[in-house]
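Secondary and tertiary structure notes
In case you want the letters, here they are:
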Amino acid sequence: MLLTTKELFQKCYGRYAIPAVNVFFMEEIHGLFAAAQKAKAPFIVQTTPFARDYAHPDMLLSMIGAAARIYPETVFAIHMDHGYEAHLFDAIEKGGYTSVMIDASHDPFDQNVARTRAVVEKAHAKNISVEAELGVLAGVEDDLTVDAAHSFYTNPQEVEDFVNATGCDSLAIAVGTSHGAYKFSGGQGLRLNILKEIQQRLPGFPLVLHGGSNVSSEVVQRINNAGGNLKTDAKGVQEDEILRAIPLGICKINIATDTRLLWTMVNREFFRDKPDEFAPTSPGKIFMEEYQQFMLKKFELFGCVGKAEDFK
C-alpha cells in the first residue's frame, strides 16, 4: 500500500517512528521490502538526487514498483531526500513519489521560506507531502559536505514561524546529529530540549531526524579487519536517545550510513575469505539477508512492528 508521509505521520506521531531508508540498488530494495513485510511495519523508501543521477529515476522507481508487487503486504511511502528544484519539480510532474524534501537549510531564513513554499504549492496540488529542513547538520551527504563550523542547531521560535509561512508537512531539524560516518565527535548526543520546545510550540507536528544511523563500532571494526581503513571514533545515535525522541515528535528517522557500512562489511569479508570468487550474486545474497536482519532490528527499536495494520 503506497501512502504519503503525511498519512503515515498522522498515525505514528508520539507512538512510534518510521525508518526512512536511502536505496541505490536492487539488493537494498529486496532486503528492505522483505523485512517490512515480515515485520508488518510501515516504512519510507528514499532516493536522493545523487542516487537518481547514478541509477536514473526510472530505474529506481521501477525497482521499487517491482518490490511492491513482490511484497504486496507492505505499507510505505516513496520519498525524495535532500532534493533541489531540478529534481523536485521533475519528480512532482512525472509522478511516482508520494513525498519530497526541499533542502534549503543552507540559505538565509527568508530564502528558505520562499523556496520551500514554492515546492509546497506544486507538490500539494498533486497530493504529495513536503518535508523541509531548518538548521544545518555537519557531515557528508552524498556529494554535499558541511564542516562543523558552519552547522547550527534549529531555533524553536523559527520553527513555528517557518511552518506557518511555508505550509510544509514535516520538518527536519538539527538537534546534534550529523550526516555520514563520523557523528557526535564532541560526544554531545541529541539536544532533546530543542525537541521539547518545538513540541510545545507546535503540538502534533511531525519532526524528522536526519543522520539517524547508529554507526556500529563492531561493524566498523569488522570492515577494518577485512582490509578497510575507517576511523574508529565515530558515534551515531544511541538507542536510548531514539526512545526518548519519539514521544517528542520524531516521526521519521533517516538511515543511510549504517546500510553503506553493512554493504562494505559484507563485501570486504566475503572477498577476503573467498578470494577465488568473482560472481556478484554470491555476496549479494549474503547482503540481502544481512540487510533484512538489520531492518528487522530497526523496526523493533522504532516501535513500528505490526503497525502496518494501522493503515489497512
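Residues numbered from 1 in each chain as written. Predicted model: local features only at pLDDT ≥ 70, side-chain atom pairs only at ≥ 80, totals over all residues. Heavy atoms only, no water.

Naming follows an unreviewed UniProt entry, where the chain appears as Fructose-bisphosphate aldolase of Dyadobacter helix.

Under the counting rule described, the total for this entry stands at 13 salt bridges. Notably, a salt bridge pairs Lys-252 with Glu-131, separated by 2.8 Å at the nearest N-O pair. In this pair, Lys-252 is assigned in strand β10 (residues 250–255) and Glu-131 in strand β5 (residues 129–134), connecting sequence segments 121 residues apart. Across the pair, Glu-131 and Lys-252 agree in class, each one buried. Between Arg-244 and Asp-240 there is a salt bridge, with the nearest N and O atoms lying 3.3 Å from each other. Of the two residues, Arg-244 and Asp-240 are both situated in helix α10 (residues 239–245); the distance of four residues between them amounts to about one turn of the helix. A cluster of three or more residues bridged by salt bridges with shared partners is formed by Arg-52, Asp-90 and Lys-94. (Salt bridge = Lys/Arg side-chain N within 4 Å of Asp/Glu carboxyl O. Helix = DSSP H or I, 4+ residues; strand = E, 2+ residues; numbered from the N terminus. Buried < 20%, exposed > 50% of the residue type's maximum accessible area, 1.4 Å probe, protein only.)

A few words on the packing of aromatic side chains. According to the stated counting rule, one finds nine aromatic pairs in the structure shown. Geometrically, the ring pair formed by Phe-25 and Phe-287 is tilted, given 6.0 Å between the ring centres and 40 degrees between the ring planes. Of this pair, Phe-25 sits in the loop between β1 (18–22) and α2 (26–39) while Phe-287 sits in helix α12 (residues 281–302), and the two are 262 residues apart along the sequence. On the basis of relative accessible area, Phe-25 is assigned to the partly exposed category, the value being 24%. When its relative accessible area of 1% is taken as the criterion, Phe-287 is described as buried. With a centroid separation of 4.9 Å and 85 degrees between ring planes, the pair formed by Phe-33 and Phe-43 is classed as edge-to-face. Note that Phe-33 is positioned in helix α2 and Phe-43 in strand β2 (residues 43–47), a separation of ten residues in sequence. One exposure class covers both Phe-33 and Phe-43, and it is buried. Here the aromatic residues Phe-33, Phe-43, Tyr-71 and Phe-76 are joined through ring pairs into a cluster of three or more. In this arrangement the basic side chain of Lys-122 is found over the ring face of Phe-89, its NZ or CZ atom lying 5.1 Å from the centre. Residue placement shows Arg-191 over the ring face of Tyr-153; its charged tip is 4.6 Å from the ring centre. (Phe/Tyr/Trp six-rings, centres within 6.5 Å; stacked < 30°, edge-to-face > 60°. Lys NZ or Arg CZ within 6 Å of the ring centre and 35° of its normal.)

Moving on to the UniProt feature "binding site: Zn(2+) 1" (unreviewed entry) in the chain. Following the UniProt record, the feature "binding site: Zn(2+) 1" (unreviewed entry) maps to His-82, His-179 and His-210 here. By the secondary structure assignment, His-82 is in strand β3 (residues 76–83). What makes His-82 buried here is its relative accessible area of 11%. A distance of 2.7 Å separates a polar atom in the side chain of His-82 from a polar atom in the side chain of Asp-103. (UniProt positions renumbered as here; feature names shortened; annotations may be inferred. Polar contact = N/O pair within 3.5 Å; in protein donor to acceptor, adjacent residues only side chain to side chain.)

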